[in-house]
Amino acid sequence: MSDEPQPQQPTEGSAPPPQPGEGKKGRPKRTGWRRLIPTWRIVLSTFVIGLLLLGGLFFLGYSLVKIPPANALAMKQSNVYLYADGSQLARDGEVNRENVSLAGISKDAQHAVLAAEDREFYSQSAIDPKAMVRAAWKTAMGQGKQSGSTITQQYVKNYYLAQEQTLTRKVKEFFIAIKLDREKSKDEILEGYLNTSFFGRNAYGIQAAAQAYYGIDAAELSPAQGAYLASLLNAPSEYDVVAQPQNRKAAEARWGYVLDGMVKKGWLGASERAGLKFPMPREATVSTGMSGQRGYVVEAVKQYLTEEDILTPEQLAAGGYRITTTLEKPKQDAFVEAVDDHLMSQLDKKNRKVDSYVRAGGASVDPKTGKVVAMYGGIDYVKQYTNGATRRDYQVGSTFKPFVFTAAVDRHSSTQDGATITPNTVYDGTNERPVQGWSEPYAPENEDQVDYGDVSVRQATDKSVNSVYVQMAVDVGPEKVRDTAVDLGLPESTPELGPYPSAALGVATASVLDMAQAYATLANHGKHGTYTLVEKITKDGQADVELPDRKTSQVVSREAADTTTSILQSVVDNGTGSAAQAAGRPAAGKTGTAEEDKAAWFAGYTPDLATVVAVMGQNPKSAKQEPLYNALGLPRINGGGPPAKIWAQYTKDALKGTPETEFELQVQDGADEWVDPSTPPSGEEPDPTNSSDAAVPPSGEAGDGNGDGGGQTPGGPTEGATDGGTTTGGTTGDTTGGTTGDTTTGGTADGGTTGDPTTGGGTGESPSGGTTGGGAADGGTTGGLTTGPGGQPGTPRRQ
């Protein structure tokens, strides 16, 4: 028997022995979707490599990026502004800066800036990664451009780097901020930041800002004042409540945010915070290089460039731009002269306090090109900082009514009883007539509570009858009226431009420039293109800066625009805008007066030029809007007075030497035919002995009866007063206060005096279009003044 071991037989169920050449089994291979998941070894190694790479990049960047010398902002270049012909208009090269030590800045102001910009400045490093990520996320999510920069980073950008928004600049800013934080103390960085930041009004640094806004040194700034200046860092031009009164709510909200941050950090007591009132800054005082109209134009151009995303405020602040505007010097000069002749030269501020409230604004647009060819911002930029042409805080009054009629024709609207709205549609012009078809009771008041009875739309436009136009707005649909106003050129964001019947009375607060743009669309037969203030821009003598293409579109039908023009021609020929006839050109226009006579407007156009003029009342100390009763020695300032006269003189001079052109109108069917409702106003009977007391044709239209000035009239019950008074005899005066009526048929008052053309019978018209309170003839009413609100509670009446 062999001693060799015998092979063992496998027992049942056991695995077979390994065969020759077979080794140990390996790890099973991943299959399917498992192959896509990295192993922990790969993850760990990638993470380690990434850290090493980031560390290496950080070390490389830190080594390569040096702290550079201060940038050229301390020797900032000027921007040059030119007229359309290339002659120089203005230069904004002066830098208003005065550096002060941190000790020369009040602690309250320092804390306010920290609360606004970087509350953890003294405790955190030069960069805040969480804030940067958060800002990037908000920007990516479409919440607007967000900044995650610390004060150190902002100082680096202001003092060492340029303002361009590039990745390279951000990388440099990152490393310089880290180095600077190691080399300088927090106090030094804060001091540098406060001396280099831009606060608006051409003020660089908090010392210059304290002087520009409050006339004090930075060391004297209170918590409230410091918080307001700190608010400006976020949006200097937007939060200047003197230059942009319509943005006061937003500015106050930012101001409150800063104060709340001071309380949260323990820098301000809660009780003291509760007692603080918003510190209204003073009117700006600027270099005489911006005096006259220059400063207004420069600010308007800057606003246009930033709103249209052509240049940023930072780019403009860096300077070096040569900006050719669309303004034409002869027209600009003509505008100034017209305002001086008919407004400013008539002021007597020593003897009439109200004359110190008078402000003016004007804008003139070429309807075919959309170019702003002239602008009037105020008497002097050095004396009155707010631009009267671009501010959006005064109600436009009855200059809004043409938009209601345009909407009616464009939308083929009809009255409550189904009649198509045309210039000859008859409406009930009764004072406080309840509006039909509106969900809430509303009975608008006519100026001086005049009852007009049945009047055509054309007559209601001539006389600016509130009850007719509010009813028309309801007939058309307030939403459609609003949409039409926006289509014509008013910004969608126009304050108080809501879908309500009261919109017809002009409660919206559009700017003069906005209104000029809208009226230019009517003059251009319903074709709209956004206005432009800039013709060309070059930078450092290099290639032109790209400007947006101007696109035009037919926003309302030509029939709607031209029919509106036809009834606005009647306003000039026969109604409240008769003073515009002095332009000596075919003209269309509309007068308007805001509630309590705080503003008076004339908006009009020829085929070649659309121009809007507004006279406004503002207290120079409080910036509060003020009524203009008795300004210029006149009972009232109406649209048919100084605004229309300014418009006429300017238009005549601006178009001097150019051929006269007629309106080429394609009007609604039947719109050019005269239809008279043959119904006199309530409470009056026609005089059979006087043909003017029967049907009154267009050539004999009345004065406003609604406070917008007045034209020559032949007398009669409908036309007896420009500010609400009615007569049975004599007539109103014209806009110069002098045309006689029919004295032979003028009725005598009960005392026996005849209807004298200037003192009896009709009301004598002052140059403003207001009444002089002349005696009323038999059965008439005196042309008194009504100042209380009309319509529903809370709904102002408009003229």
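Structural data are supplied above this passage.
Residues numbered from 1 in each chain as written. Predicted model: local features only at pLDDT ≥ 70, side-chain atom pairs only at ≥ 80, totals over all residues. Heavy atoms only, no water.

The next point concerns the overall build of the protein. When helices and strands are tallied, the protein shows 20 helices and 15 strands. In the protein, which comprises 799 residues, the share counted as buried stands at 54%. Put simply, 71% of the contacts in the protein that link residues at least 6 apart link residues at least 24 apart. About 34,800 Å² of surface is accessible on the protein, with carbon and sulfur atoms providing 51% of the total. (Helix = DSSP H or I, 4+ residues; strand = E, 2+ residues; numbered from the N terminus. Buried < 20%, exposed > 50% of the residue type's maximum accessible area, 1.4 Å probe, protein only. Contact = heavy atoms within 4.5 Å. Areas by Shrake-Rupley, 256 points an atom, 1.4 Å probe, with all protein chains shown as cover.)

Our focus in this paragraph is the packing of helix 14 (residues 401–410) against helix 19 (residues 558–574). Direction vectors running N to C along helix 14 and helix 19 enclose 140 degrees, while the axes themselves pass 8 Å from each other. With respect to helix 19, the element helix 14 is oriented oblique. For the element pair helix 14 and helix 19, the recorded crossing hand is right-handed. Contact residues: Pro402, Phe405, Thr406, Val409 and Asp410 in helix 14; Glu559, Ala560, Thr563, Thr564, Ile567 and Leu568 in helix 19. For the contact of helix 14 with helix 19, the per-class residue count stands at six nonpolar, three polar and two charged. (Axes fitted to C-alpha atoms, helices over the stretch in contact; angles between N-to-C directions. Parallel < 35°, antiparallel > 145°, perpendicular 65-115°, else oblique. Left-handed = near helix turned anticlockwise from the far one by under 90°. Nonpolar A, V, L, I, M, F, W, Y, C, P; charged D, E, K, R; others polar.)

Across the five residues of strand 7 (residues 372–376), five count as buried, placing the element largely inside the fold. Across four bridges, strand 6 (residues 358–365) lies against strand 7 in antiparallel orientation. Note that in strand 7 the partner of Gly362 across the bridge is Tyr376. The antiparallel hairpin formed by strand 6 and strand 7 contains six residues in its connecting segment, where Gly370 sits at a positive phi of about 80 degrees. (Pairing = 2+ DSSP bridges.)

The subject of this paragraph is the sheet that holds strand 6. Pairing in this open sheet of five strands is antiparallel, and the strands run 7-6-15-14-13 from one edge to the other. Looking at strand neighbours, the two that pair on one side only are strand 7 and strand 13 (588–593), the edges of this open sheet. Recorded for the sheet is a direction-independent mean angle of 5 degrees between the axes of neighbouring strands. Two strands pair when backbone bridges link them, and strand 6 and strand 15 (residues 610–617) are joined in this way by eight bridges, in the antiparallel orientation. Bridging across to strand 15, Arg359 finds its partner in Met616.

Burial within helix 16 (residues 466–476) is extensive, with 11 of its 11 residues counted as buried. Among all positions of helix 16, only Asn466, Ser467, Val468, Tyr469, Val470, Gln471, Met472, Ala473, Val474, Asp475 and Val476 are buried. Buried residues in helix 16 make contact with helix 14, strand 8 (426–428), strand 9 (454–456), helix 15 (457–463), helix 17 (478–488) and helix 19.

The next thing to look at is the sheet that holds strand 5 (residues 321–325). With mixed pairing, four strands are arranged side by side in an open sheet as 2-1-5-11. The open sheet terminates on both sides in strands that have one partner only, identified here as strand 2 (88–91) and strand 11 (534–539). Within the sheet, the average angular offset between the axes of one strand and its neighbour, ignoring direction, is 20 degrees. Direction of pairing for strand 1 (residues 80–82) relative to strand 5: parallel, over a ladder of three bridges. Residue pairing for strand 5: Tyr81 is matched across the bridge by Ile323.

As a further point, take the environment of Ala516. Residue position: Ala516 is located in helix 18 (residues 512–523). By relative accessible area, Ala516 is classed as buried at 0%. The sequence separation of Ala516 and Ala363 amounts to 153 residues, and the corresponding C-alpha distance is 6.3 Å. The contacts of Ala516, once residues within four sequence positions are left out, are Ala363, Val365, Ala610 and Val612.

With that settled, the discussion passes to the packing of aromatic side chains. If you walk through the whole model with that rule in mind, you get 16 aromatic pairs. When the ring of Phe602 is compared with that of Trp647, the centres are 5.4 Å apart and the planes differ by 65 degrees; the resulting orientation is edge-to-face. With Phe602 in strand 14 (residues 599–605) and Trp647 in helix 20 (residues 642–654), this pair connects stretches of sequence that are 45 residues apart. The burial state of Phe602 is the same as that of Trp647; both residues are buried. A network of ring pairs unites the aromatic residues Tyr213, Tyr214, Tyr228, Trp255 and Phe278 as a single cluster. Across the ring face of Trp255, the terminal group of Arg273 is positioned such that the distance to the ring centre comes to 5.9 Å. Sitting above the plane of the Tyr321 ring, Lys539 keeps its charged end 4.5 Å from the centroid. (Phe/Tyr/Trp six-rings, centres within 6.5 Å; stacked < 30°, edge-to-face > 60°. Lys NZ or Arg CZ within 6 Å of the ring centre and 35° of its normal.)

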